[in-house]
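# Inside the fold
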Amino acid sequence: MSVTRYRTITLRLLTVSALVLGAATAPATPGTADPVRRPRDAEAALGAVLDRAVSEESPGALAQVSRAGRITTVTRGVADTGTRREPRADMRFRIGSTTKTFVATVVLQLVAEGRLRLDDMLERRLPGLVTGNGNDGRAITVRMLLNHTSGLFNYTKDSHVPDALERDPLTTFTPRRLVGYALGHPPVFPPGTSWQYSNTNYILLGMITERVTGHAYPMEVATRVLRPLGLRSTYFPGASPDVRPPFIHGYSKDGWPAPATAATRCPSS
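Quick summary incoming for the structure in this document. (Residues numbered from 1 in each chain as written. Predicted model: local features only at pLDDT ≥ 70, side-chain atom pairs only at ≥ 80, totals over all residues. Heavy atoms only, no water.)

In terms of regular secondary structure, the protein chain is built from nine helices and six strands. Counting all 269 residues of the protein chain, 44% fall into the buried class. Long-range pairs, those at least 24 residues apart, make up 73% of the contacts in the protein chain between residues at least 6 apart in sequence. On the protein chain, roughly 13,500 Å² of surface is accessible, and the fraction owed to carbon and sulfur atoms is 55%. (Helix = DSSP H or I, 4+ residues; strand = E, 2+ residues; numbered from the N terminus. Buried < 20%, exposed > 50% of the residue type's maximum accessible area, 1.4 Å probe, protein only. Contact = heavy atoms within 4.5 Å. Areas by Shrake-Rupley, 256 points an atom, 1.4 Å probe, with all protein chains shown as cover.)

Our next topic: helix α7 (residues 175-183). Listed in full, the buried residues belonging to α7 are L178, V179, Y181, A182 and L183. Buried residues along α7 sit in contact with β4 (131-132), β5 (135-136), α6 (160-167) and α8 (199-213).

Glancing now at the packing of helix α3 (residues 99-112) against α8. Closest axis-to-axis distance for the α3/α8 pair is 10 Å, and the angle between their directions is 40°. As summarised for this structure, α3 and α8 are arranged oblique, according to the angle between their axes. In this structure, α3 meets α8 at a crossing whose hand is left-handed. Taken together, the residues of α8 that come into contact with α3 (itself represented by K100, V103, A104, V106, V107 and L110) are N199, Y202, L205, G206, T209, V212 and T213. Residue composition of the contact of α3 with α8, by class: eight nonpolar, four polar and one charged. (Axes fitted to C-alpha atoms, helices over the stretch in contact; angles between N-to-C directions. Parallel < 35°, antiparallel > 145°, perpendicular 65-115°, else oblique. Left-handed = near helix turned anticlockwise from the far one by under 90°. Nonpolar A, V, L, I, M, F, W, Y, C, P; charged D, E, K, R; others polar.)

Remark: α8 packs on helix α9 (residues 217-226), axes separated minimally by 8 Å, with the N-to-C direction vectors making an angle of 80°. The angle between α8 and α9 places the two elements in the roughly perpendicular class. Between α8, through G206, T209, E210 and T213, and α9, the contact on the second element is made entirely by Y217, P218 and E220. Among the residues making up the contact of α8 with α9, the classes are represented as two nonpolar, three polar and two charged.

Structure, rendered in structure tokens:
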């Protein structure tokens, strides 16, 4: 788990992509042109979304849509503020919290194999870890971790994280250290009674995966998801602050870490 300079632009790129895909698949309203049948209009719409991202201080943005064998790539801004290179589809970038999708897939595969149950209590899988300040691993299930209903505090909101980064921008955070930050706070709500996004949930799921399989969770993700799907350009950089070239630079404004994240590039590249 490492602090990197790639996080901010990665999150913005993913946000833009999600918005574009949603807009591209929306049904046309009566009396308007169908954007699916008007590729130039669709490309202009993509460009407008990316223009907004760049206007909101993203150095650059890229979106790619594949439909009926036709791939459309639209870019704005720069991939590197020093060289002024434009973003390209073959450039790698950190996928940030999209890594959670891979972790969740592995956990559900373990459930399907009978090695784990959605109703297993956290205390059973990680004995004695989640306790104190009203936190109780005996009341939290694997299902709650997956769907963000555990009530556990989000460690990225703890002041220790930015303080550590201010002292050393390349600080490495272990899973237990991050969980410890979260447990320094009481639950946001009693387990299973509400919903709130918390990175702490997926740190714990990674730890559970390692406990159940005996392997580091990146290895399980690679074996179970990345290789079978042929995602040859997606990988875990580990504690390295670097991403294999060519890559899109990211420029962090808030100093938060990008723990447990993978790097990838656009599917068409």
